[in-house]
Structure formats: C-alpha cells, structure tokens
There are 2 protein chains.
Amino acid sequence: MMLAWIAFLAGIVSIITAGLFLVIVLKEEVGTAKMKELSDAIFEGAMAFLNRQYRTLLPIVAIITIALFFVDPALFAHGAVGVNNLPKSALAVSFLVGAVSSAIAGYAGMLSTTKSNARTTHAARTSLGKALTVAFRGGAVMGLSVAGLALAGVSGLYILYENAVVINSFAFGASAVALFARIGGGIYTKAADVGADLVGKIEAGIPEDDPRNPAVIADNVGDNVGDTAGMGADLFESYAATSIAAMIIGNTILDFEGVIFPLLVGAVGIVAAIISTFFVRLNNDEGNPQSALNIGLWSTNVITAVGTYFVASYLFGDNALGIWLALLFGLVTNVAIGYLTELYTSYHKKSVKEIAEASLTGPATNIIKGLAVGFKSTAAPMLVIVLAIGGSYYVAQEIAAGLGIYGIAMAAMGMLSTAGMVVAIDSFGPVADNAGGIAEMAGLGPEVRKNTDKLDAVGNTTAAVAKGFAIGSAALTAMALFTAYAKSAELTSINLLDPMVVVGLFIGATVPFAVASRAMDAVSRAAFEMIEEVRRQFREIPGIMEGTAKPDYAKCVDISTKAAIKEMVAPGAMAIGTPLVVGFLLGPLALGATLAGATASGVLLAIFMSNAGGAWDNAKKYIETGVYGGKGTEAHAAAVIGDTVGDPFKDTAGPAMNPLIKVMGTISLIIAPIIAAMF
Amino acid sequence: MMLAWIAFLAGIVSIITAGLFLVIVLKEEVGTAKMKELSDAIFEGAMAFLNRQYRTLLPIVAIITIALFFVDPALFAHGAVGVNNLPKSALAVSFLVGAVSSAIAGYAGMLSTTKSNARTTHAARTSLGKALTVAFRGGAVMGLSVAGLALAGVSGLYILYENAVVINSFAFGASAVALFARIGGGIYTKAADVGADLVGKIEAGIPEDDPRNPAVIADNVGDNVGDTAGMGADLFESYAATSIAAMIIGNTILDFEGVIFPLLVGAVGIVAAIISTFFVRLNNDEGNPQSALNIGLWSTNVITAVGTYFVASYLFGDNALGIWLALLFGLVTNVAIGYLTELYTSYHKKSVKEIAEASLTGPATNIIKGLAVGFKSTAAPMLVIVLAIGGSYYVAQEIAAGLGIYGIAMAAMGMLSTAGMVVAIDSFGPVADNAGGIAEMAGLGPEVRKNTDKLDAVGNTTAAVAKGFAIGSAALTAMALFTAYAKSAELTSINLLDPMVVVGLFIGATVPFAVASRAMDAVSRAAFEMIEEVRRQFREIPGIMEGTAKPDYAKCVDISTKAAIKEMVAPGAMAIGTPLVVGFLLGPLALGATLAGATASGVLLAIFMSNAGGAWDNAKKYIETGVYGGKGTEAHAAAVIGDTVGDPFKDTAGPAMNPLIKVMGTISLIIAPIIAAMF
C-alpha cells in the first residue's frame, strides 16, 4: 500500500503545483480597463456555461449515486480479495468522487484559462517570451489538475477499498461528465463560431474578433468551453478508465505489482510533466514558441520512459523488459500520431495545399477534396494504433511471460502518462486565441497583435496534435476497457462466426454514425438560431456597425449555452443506452462485439472528421497568407465555406467519438458481471 | 443434375428474352436526324469507354487465367466429391467464363440503353405510355442479361464440374470486372457531370443538357456508364458470389439439395421477372409511371415468394418452412431498404426538406445538414440488415434443424433472386435521363419534354432504390462469403479477444475509408481536367455560345474515359491486395476479421454517402420546384453546391464500396485453403 500512497502523493503534488501556477498567473497585470472588461465577459460567459452544464448533470449524477447505494459491491467484485469487508457505499462514493473530481478539474482549468487571456495580451505588450510564459502557465493549471486529480482519485480510492473492480465506478463518474462536457462543449463552441463567422465575416464583412459582432464573446467563450473543458474532461476520463482497466487486468493475470504499476506509471508521468513545465520558455524574442512547447513534450516523454524503466525493474524482475517495452509503444504512438496529424493538417504539407488549390474551382471542389483528405488520413494513424496493439501485446507476451493483454493496457497507460503535459499544451491554445481576440477588440497596436498572432498560430497546431492524442489514447483506452470487460464477464471467446456477435458488431459500428449525425444536426440548429439573433441585433440595434452602440453579447452567450445543454442529451443517451440495451437483450457476447465495432468505426470517424476539419481550416489560412490572391478572392470565399463545414466536424462530432467509445466501454465493464450471470 | 439443368435453362430463357426485347426496341423509330446524331454520339462514347475499359482489363484477366491454369483444383476443393476427376483447367475456365459473361452483360446492356434513348424520346412525341414501354424494355435487356448470364454461368459450370468450391472462380472473374467497372464507371460519370455542371450551368449560365456545353455528351454517356454498366456488373457479381457461397455452405451442412436449391431460387426469380415485365405498362396517359414500375417489382417479389415455397417443400421436407422463411427475410429486406432510401432521399420527406431549408443560410449549412442526414440514414438500414442476418439465422436454426448459417445465405439469395427486375428498373433510369437530354438538345417541344421529364423524375427514384438494393445485397453477399470463407478455411472460431483478430478487424474497417478517399480524389482530379477543357473550348472555339459552332464533344468524352481508366487501378489494387497481404502475413483468423470489419464500415459508408448524395440532389430539385424562391436564388446556388459535393459521394465512392467488400470476400474465399494450411 506504501506504493499506492506514493502515487496518491504525486497526484497531490500535481494539484498543488497547479494551484501555485494559478496564483502566479493571477498576480500578473490584466492591462487596460477595456481588456479587463472583455476578459471578464469571457470569464462570466464561461462560468455561466459551466454552472448550467453541471446543474443539468446534477440530477443525473444524483440519481446514479443513489442507485449505486443500493447495489452490493460484492456483485461487482466477485473473486477479489477483501470484498466482504467493503462498505456498501463503495460504488456510490467512487462514482461521486469521479464525477466531482472531473468537474473540479473543469472549473479550475476554465478559471485559469479565462483569467490568463488578457494577462497574456498584456504580457505580449512587453515581449513574446513573457506572453508565452503566462499563456503556458494558464494552460498548465488545467493539465496538472486533470492528471493530478485523476491519479489522486484512483490511488486514493484504491487505498480506501483495495479493490480495482469496485473503483471502476470512479471512471464511470468521470465518463458521465466527460460525455456531456465534450458534446455540450463541442456544440457550444461551434454554434457560436459558425454564427459569428457566417453573419459577421461573410454577411457584414467585419473581421474576426471584431467587437461589433454580437457573437464575438460567445465565440471566445466557446474556445475555452471546447478546447479546455471538453478536452480536459475527455483526457481525465481516459486517464481514469485506462488506469483502472489496467489494474483490473493486472489483478487477474499478475499479483499486487500488476495492480500498482499503472498507478506508479502515472506518478512518474506527473513528475515528468511538472519538471518539464520549467523547460517551456523562450530566452529571447527571436525564439520559436512551438519549439519551446515541443521541448516540454519531448522532455516529458523522455523522463517518463527512463523513470518507468526503473519502476518496472523494481517490480517485475524478469518480466520488466517486456512490460516496459509495451509501455514504450504507447509513448511512440503518441509521437507518431502527432506527426501524422501534422502531415494531413499543416499547410506546409501537400494535402492542405491541394485543398487550397481545389478552392480555385469553387466551394464544391474544395469540399470534395477536403472529404477525400479526411478519408485518406485515417489509414496511417489506424496502422499506428494497430501496431501499438499488436506490438505491445507481442512484447508483453513473448519477452515477458505471457502477459500480452496486460501489455496492451500498458501501451494505453504509457500514452496517457503524459496527459498532464498534453492537456497543458492544449489548454494553452484557447488562452493564446483569446489573447489575440482581446488585443483586436481592445484596439491594441500591431506589434502586440504580432506577438499574439504567433502564439495563436502555435495554438492551432497544438490543438490539432492534442486532438490526435485524444483519439489515439481513446482507442487504446477502449481496447483496455474491452479486455477488462471480457475478463470481468469471464468470457474466453467472442466468436465472429456466431451471428449474434456479427449483429453486435454491426450495431456497435453504427452508433458512432448516429451520434455524429446528432452532433452535426445540433450545431446546425444552434447555429441557425445564432445567425437569426446576430442578424436581428444588426437590424434592430442602431449604431452597432458604426461602433456607437454595444451589441447584446449576453444574449448570444445564452443561446449557445441553452442549445448546448439541450442538444447534448440525445447523443449522450445513445452512448449510455446502447450497451444497456445490447447487453441485457442480446447478452455479453453481442455486447463485446458492439464495443469492438464502436471502437473501430468511432476511431475512424474521429480521425476522418478531425483531420478533414483541420485541413479545411488550414487551407483557408494558407490562402490568407496571400496564395491564390489571398483574402477577398473567390478561392478564399470557397475556403471559408470549407472551413465552416469543418468546424462541427473537428470540434463537435469528431471529439464526441472519444467519450462515446469510452463511456460504452465503462458501462459495459460495470454491467459485465450482471449480464454474465443472466446469459 | 436434372435440377441444375432446369436452372441453366431458366438462365438461357432469360438471355433469349433479353435478345427479343433488344430486337423489338431496335425496331422502334429513332426520330429526327438530329436525334439520331445525338443518340449515335452517346452510343459511340459509351462503346469507346467500354472498349477501352475491357482492353485495360484484358491483360489482368489474361494473367489471372494463365496463373489459374497452373493451380490444381484439388487444392481448392479438399474433401469434396469427385475432385480427382476435375480437369486441371477448371479454375481457369470458370474464372474466364465469369469475367467474359460479366463483360457480355455490360455490352448488351449498354448497347440496349444507348440505343433506346432517342427511341424513347421519339415515343414520347406520341404518348407517355409508349415512352415508358420503350424505356423499360431498353432497361429490361440489361436486367435479364445480368440475371440470365449469371444463373446460366453458375449452373452451367456446376453441371460441368459438379463442385461448388471450384466454380467460385466464376465469382472471382465477375468480381474482377465488377470492381473496375464500378469504380471506373463511377469516376467517368462524375468527372463529366461535375465538369459539365460547374462550367456550363454555373459559369456560363446555360441549362442542363444544352448542346452548347462541350461536356454534354460525356455527361450523357456517363449516366449509362455509371448506372447501367456499373450497377449491372455490381449485381452480376453479387448474384454469382451469393449463389456460389450458398452452394458451398449448403454442401457442408446439407446434402445435394442444399447445393441445388440456390440455383432453383434463381430460376424462380428469373421466371418471375420475365412474367412481371409484362405488367409494366400504362393503360392511359394519366397513369403514373412510378406505379407501373412498382407493380413490376411487387409482382416479381410475390411470384418469387410463392414459387420458392413449392421448391423448398419439394426439396427439404421438414426443413422447408425454416429455409423458406429465411429466404423471405431477404425479400422483406429488399422492400424495407427501398422504403428507407426513399425516406431519407425523397423531397416529400422531412430530411430533404431540412437540407433545402438549411440552404437559406448558404452552402456551408446546406452541407453540414446533408452530412448529418447521411450519417443519420445509416441506422435504420443497418438495423434492417442486422434483423435479416439474425432473423434468417434464427428461423433456419430453430424451425429448420440447425441450418442457421445456410439461412443467412438464403436471405442473401432471396434478395438477389429479384435482381433481374431491379436491374431492369435501374437501367430504365439512364434511358429516361438521356431521352430527356436528347429532347432538350434536339429542341423538341414542351409537350415532349413534359413526358420525358416525368420519366426522368421516376428514374431518379428508381436509381436511389436500386442503390439501396445494391448495398443491402452486397452486405448479405459479404456475410455469405464470410461464412463460406470460414467453412473453407475450416475455422471454428474467430475470437475477438485474440489481439490479432482485433488487428484484422481494424485493418478491414479502414480499407473502405482509403478506397473512398481514392475515389473522391479521382473525381476531383478528373473534374479539374474537364473544367479546364470546357473552359478552353468556350475560350478558343468562337461561336459556341451563339450556337453557330459545334463544341468538340469527343475531346471531353476522351478526358473522362482516360481519367476513369487511369484512376480505377489504385483503389482496385487496394481491394485485391488487402486480403492477400493480411491473409499471407497475419493468417486466416486476422483475415476473417478483416472481412467483418470491411463489411461493417463499407456498408455504413456506402449508405452514408449514397443517401447524403441523394438527399442533396433532391434538396436542389425541391428548391427548383419554386420553394424558397426557386432557381436563381442564393438558396438554389447553395443547393447546387451541395448537389455537386454529393455527386462523387452517391455515384462514385458510395457504389465502390459494394464491389470492394465482395471482392475482398471472394479473394479470401479463394485463398482460404492455402492460408489455412500455412498457419
């Protein structure tokens, strides 16, 4: 148990470090009164959304918590040691802690990013290096909160109950929050973005982040809601689900060391991330912010790789090498998927250039080409994931003694151990984006804007890379959950030659399509409302366009919030309902296949939509650098249309796939013993 | 063997009937000299494409045929009766007959549809009823050729070799042709269509089918190349593959009656189709052509259902009811998928109306909505397919004595038995479309145009329904092939808990995305060339717009042809290469999972793309009826862009999924015994 305490402590240290960063950031100056006003509006919009979202989730969480009070933990932990000593409340408590921790991480991160934006703008008036530091620290609060709370939660509950199966309820709590945070956040951000762009940029002809645009604050809030809160909850869930799945698998095929190792990997990763935050700095203003962030990421990877080697050697003896190599597959996957995401979405590469070229013949060819790029971009990352699954299994099976399936879980754990740094870098994105927006809206000079633009450009890349990370880790998490599910339902074979298994597979593969449809539709409906509202304000409030009257920002924030809350329910219900219906109606074998099918098609759709969206976005930016005539040309107009189509792809429907496949896995894992007994 | 002769005879009767219809159609008058000239140009363009396509396939077919000469049939027919008496040439001959039969069906059908178009136009000068009869007979030649040649081929070879496994080579030959015909045809038709639309309609502002458009002939050729030749080859392949897979499965779990029954089901279906062709007629000009075609389809379904009941009773005794009910699942699937296709793609329904409404806010929202509809439209058809698989298995397993997997094959066979009528109705589409084009180009009066327009509108619906049929039957065919593969590789379990199986599943699920990308890209590139050429002609040939100079139609036909031939190779190679690489590298279990994964994601993508495309098309047509201001409005312009994006979706990438999943199954079935021995 000593070792579990070490992991718990590492989590606490991470949370404390996050707190310190927050204090330091808050001590920075905010800048002019106008800057403060804008920052406050964004902050209030973000908090309003979070409050409403969590208030909507409250009854759901409450009902599940109460229901879990009446479920005997012994049901879920058959065969494990010490089950009979478990308090009746173990499941309910674990669930509640998971949900609440995820919510706290969300609040902390949003507080930090929305408080850092104007401070970053102000710092950019001094130097690029200073601005980078403020923005990165603002993001690091989220990163370290997510990793710290997840690790402290899992290890703390394990210390309390000493049973890995029971605390899967913690992952369930995290899942419930992540599902709605991702989908709701995704709808919010794109309803605001599409609305702001279509009426503001295209119809009224005013630039991005213009204070005359009524939807501009909602748009800036959206960046935080989607990239910070959504992504944070997503990776919190992956982190919790993967470590618990790994512990469950470890418990069945190894001894105590198999259960404790995932927690220690997490501890090493967190320490690595904390150390690495200090490497993210620019020594002079000629430096490249991207390189500074890259150094942070690489250093986290290297320290984790080295550190886990020693831990593995200490715990596993002869099996250490095989297990450690499996872990390395996860770290390498991380790097490989990041590279591939850039390959398909950066405008220095061929794919995006081709989309830009296709814009010359209009929006239709731009979109056809973008869809083709998205489809194409699935193959290489899927190959990487397949290699990670096959490779980690192989080394753990052959070099370690028959620990193949534990190896797959280790690959997932290796990938996720760096989540603290990945989320930090990802949350840097909305801070930089907002900082640029505030510079524009507050009318600061071009030299400030130049600095914030540089940070914003880097933020776009890191956002794309983090998306790749989230998808890859979701895929490996889903695999770990799938394996844990089979163990928990005591299945030894899910035979594809059994028609019921094929039926399950097909049903599973269909769910991501249905959820994607719902998500796209939601954005479509919400954006429509937003467009009507922005048009109404331009029409009914005289003086907006002249800058003499202030638009009603709050009304637009409200529309996005309401739409997001309302529309997140149906896709959420599909995600939760499918495993229940398949499991109780068709049985554990069909449900296993459903998980496999949903993972395959969910990951493919996630990559497709995320990369297509990123590529369209950057094709537009590429043209804006002056290629094919730049802004104001037909080609640019076509590229803007492609970008708008890509928005709900990359920021709503695509990201929704991650919590979808994980929540399906988590719920299946929970009902596994029940349905196994039924069929 | 007497019974096999009956099936063979039914096939021959079908071919003869097709020949008679062709003679009757050719006896009709062509109309004015201008009409003849246009019809000849389309005919020549179509033949030029077919010749070039088959010439490109010739070396591939020749190499495979020669290679098969050196393979001992005994290898592929282990355990079957009479294997030792098989001539060495059995595999090569079967393959060659399959490829050549498919090509002959393609030629016959294209000859008939391209010769019927002007004749339909001419008939439309007399009456709607007369025009319907000519157009339908023109299409029926293709339908009866496809079904007749496929059934005669399979039963003829079975009479010759008395071994179902060996004649799977026939399906392989059909597959090779179908793969390239579908992909090549799809690229051809959309390169021409997109090129003609973007420059002609949007840039030059001239109407559809205007003789001043240089790409107009290529566009009309494309309708035949895609909908007739492509669809015909696709269903020829499904027909051959399903009946052979059913025979192989029947051979392993039943006696001779299990082998012969699929052939007799085919015979009943063909007789039903021939009888039903006589029901397709309009008694007066007030009648609805759609109802006339529906009567033909329903009558085919009903006669087949009744006829097969007697055949089943004769052959199977106590097992008859279960097997017959399984077959009914196929017929019902047919009807259900047709209904669902209409639900999502007809402009009398909600989905399409919503896309039209979304066009009010521009092309981006039109496309977002269309993608959402496409995603959504996958769920219900997948449920129907899943019910067909589960239901047919259940009745054959429980009501008949343990014949579950034969039941699944029977559902596929039931669905395909009506292929003769489905292809007839589908091929009616391009005839009607071309007839309208010729009326327009030849400057015939509005009363003629009114008649051809009515037929054309019906043709759009039947094309959508036939697409649904092709996808549904491809899914069931793939399932039958998958089952036959497992039997042939002597697999008793493909366990999803084996990581190698998961690896295979993920690889398989990725292939359809990669092929879709290639197909979209090909259209994109080819359309780009076409656009450049049309623009060049408008620029360099003076007098085109005034109608004083004739554009160079042949050049556009040539561009489409060359592009289609060149671009069909890469996706074709992926389809053929994947099972070989997975099978020989990762083994038979991984390959089995690859088939399952490819089927799941291929069918989903096919439905998604096909329905999204159809919905966009009809949203445009809906606006053209005058809704939201009709033609010339911003909403209409947005809808045209959606329609253009939908073109390669519904006519290139979507349809390419069918031969893809079938060819993967056919090749796997062929290499099954080899890899089973290797691993």
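Before reading further, recall that the structure is shown in the block above.
Our subject in this report is the structure included herewith. Numbering of residues starts from 1 in each chain and follows the order in which that chain's sequence is written. Written order decides the labels, with chains lettered from A and ligands numbered from 1. Under the rules for a predicted model, residues below a pLDDT of 70 receive no local features and side-chain atom pairs below 80 are neither given nor counted, while totals for whole chains, interfaces and linings still include all residues. Water and hydrogen atoms were dropped before computing side-chain values, which therefore reflect all heavy atoms in the structure.

1. Section: the overall build of chain A
Then, number 1: Secondary structure elements are defined from DSSP: runs of H or I of at least 4 residues count as helices, runs of E of at least 2 residues count as strands, and each element is numbered from the N terminus. Scanning chain A from terminus to terminus reveals 21 helices and zero strands.
Then, number 2: Along the three orthogonal principal directions, the C-alpha set of chain A runs to about 75 × 50 × 45 Å.
Then, number 3: In the form shown here, chain A has an accessible surface area of approximately 20,300 Å², with 63% of it arising from carbon and sulfur atoms.
Then, number 4: When the 40 positive and 50 negative side-chain charges of chain A are each reduced to one mean point, those points stand 3 Å apart. With residues, only the protein chains shown are counted as cover, and all accessible areas are computed by Shrake-Rupley using a 1.4 Å probe. Positive charges come from Lys and Arg, negative ones from Asp and Glu, while His and the chain ends are left out of the count. Charged groups are reduced to one reference atom each: NZ for lysine, CZ for arginine, CG for aspartic acid, CD for glutamic acid.

2. Comments concerning unusual backbone geometry
Residue and element names in this part refer to chain A.
Then, number 1: Of note in this structure, Tyr 628 is not a glycine but carries a positive phi near 55 degrees.
Then, number 2: Position of Tyr 628 among the secondary structure elements: in the loop between α20 (588-624) and α21 (634-678).
Then, number 3: Exposure remark for Tyr 628: the relative accessible area of 34% places this residue in the partly exposed category. The buried label applies to any residue whose accessible area, calculated with a 1.4 Å probe on protein chains only, is under 20% of its type's maximum; exposed applies above 50%, and partly exposed to all values in between.

3. Brief notes about the packing of aromatic side chains
Then, number 1: In this scheme Phe, Tyr and Trp rings, the latter by its six-membered ring, pair at centre separations within 6.5 Å, and the angle between planes marks the pair as stacked below 30 degrees, edge-to-face above 60, and tilted otherwise. Overall, the coordinates contain 32 aromatic pairs over all chains when judged by the stated rule.
Then, number 2: Residues Tyr 309 of chain A and Phe 310 of chain A carry aromatic rings whose centres are separated by 5.9 Å and whose planes lie at 75 degrees to one another, so their mutual orientation is edge-to-face.
Then, number 3: Feature note: the residues Phe 375, Phe 608, Trp 616 and Phe 649 of chain A together with Phe 513 of chain B constitute an aromatic cluster, connected by ring pairs.
Then, number 4: Criterion for a charge above a ring: Arg CZ or Lys NZ at most 6 Å from the ring centre, at most 35 degrees from the ring normal. For Lys 115 of chain A, the ring lying beneath its charged end belongs to Phe 43 of chain A, and the centroid distance is 4.1 Å.

4. Describing the environment of Ile 399 of chain B
Then, number 1: Counting through the fold element by element, Ile 399 of chain B comes out in the loop between α13 (379-398) and α14 (404-416).
Then, number 2: In this structure, the C-alpha to C-alpha distance between Ile 399 of chain B and Ala 439 of chain B, residues 40 residues apart in sequence, is 56 Å.

5. Here's the deal with the side chain of Ser 243 of chain B
Residue and element names in this part refer to chain B.
Then, number 1: With respect to the helices and strands, Ser 243 occurs in helix α7 (residues 216-253).
Then, number 2: A distance of 2.6 Å separates a polar atom in the side chain of Ser 243 from the backbone oxygen of Tyr 239.
Then, number 3: A contact between two residues is defined here by any heavy atoms of the two lying within 4.5 Å. Those residues in contact with Ser 243, other than ones at most four positions away along the chain, are Val 154, Pro 262 and Met 413. Whenever two N or O atoms come within 3.5 Å, that pair is a polar contact, provided that in protein one can donate a hydrogen and the other can accept it, and provided that, for residues adjacent in sequence, both atoms are side-chain atoms.

6. Focus: the interface of chain A and chain B
Then, number 1: Taken together, the contacts link 63 residues of chain A with 63 residues of chain B.
Then, number 2: Buried area: the accessible area, evaluated with a 1.4 Å probe, that two parts lose upon being put together, summed over both parts. Summing both partners gives a buried area of about 5,800 Å² for chain A against chain B, and 83% of it is carried by carbon and sulfur.
Then, number 3: On the chain A side of the contact with chain B, Phe 375, Phe 506 and Phe 513 of chain A bury the most area, a combined 13% of that side's loss.
Then, number 4: Criterion for a salt bridge: a side-chain nitrogen of Lys or Arg within 4 Å of a carboxyl oxygen of Asp or Glu. Taken together, the connections running from chain A to chain B amount to two salt bridges.

7. Observations regarding the relation of the copies chain A and chain B
Then, number 1: Here the copies are matched by least squares. The fit uses the C-alpha atoms of residues with pLDDT of at least 70 in both. Each copy of the sequence occupies a distinct position, and chain A is placed on chain B by a rotation of 180 degrees and an axial shift of 0.0 Å, giving an RMSD of 0.0 Å. Such a turn and shift between the copies fits a two-fold axis. Rotation axis and chain A: the residue whose C-alpha lies nearest the axis is Asn 495 of chain A, separated from it by 2.3 Å.
Then, number 2: The residues that chain A uses at the interface reappear at the interface of chain B in 100% of cases, marking a shared surface.

8. Observations concerning helix α7 (residues 216-253) of chain A
Residues and elements named next belong to chain A.
Then, number 1: With 38 residues, α7 should cover 56 Å at 1.5 Å per step; its first-to-last C-alpha distance of 54 Å lies within 8% of that length.
Then, number 2: The bend at a residue is defined as the angle formed between two axes, one fitted to the seven residues ending at that residue and one fitted to the seven starting there. By the largest-angle criterion, Val 225 marks the main kink of α7, which is about 25 degrees.
Then, number 3: α7 sits mainly inside the fold: 34 of its 38 residues count as buried. Multiplying one less than the number of residues by 1.5 Å gives the expected span of a helix.

9. Overview of the packing of helix α6 (residues 168-204) of chain B against helix α17 (residues 499-540) of chain B
All names here are of chain B.
Then, number 1: Only the contacting stretch of a helix is used when fitting its axis, a line to C-alpha atoms as for every element, and angles between N-to-C directions run 0 to 180 degrees. Where α6 contacts α17, the axes come no closer than 8 Å and their chain directions differ by 45 degrees. Taken together, α6 and α17 sit at an angle that is classed as oblique. Judged by the twist between their axes, the crossing of α6 over α17 is right-handed. Where α6 abuts α17, its residues Ile 187, Lys 190, Ala 191, Ala 192, Val 194, Gly 195, Leu 198, Val 199, Glu 203 and Ala 204 lie against Ala 522, Val 523, Ala 526, Ala 527, Met 530, Ile 531, Val 534, Arg 535 and Phe 538.
Then, number 2: In this classification, Asp, Glu, Lys and Arg are treated as charged, Ala, Val, Leu, Ile, Met, Phe, Trp, Tyr, Cys and Pro as nonpolar, and every other residue, Gly included, as polar. Here the contact of α6 with α17 is built from residues that sort into 15 nonpolar, one polar and three charged. Orientation labels follow simple angle bins: below 35 degrees gives roughly parallel, above 145 gives roughly antiparallel, 65 to 115 gives roughly perpendicular, and whatever is left gives oblique. The hand of a helix crossing depends on one turn: near helix anticlockwise from the far one by less than a right angle means left-handed, and clockwise means right-handed.

Keep in mind these values describe shape, not function.
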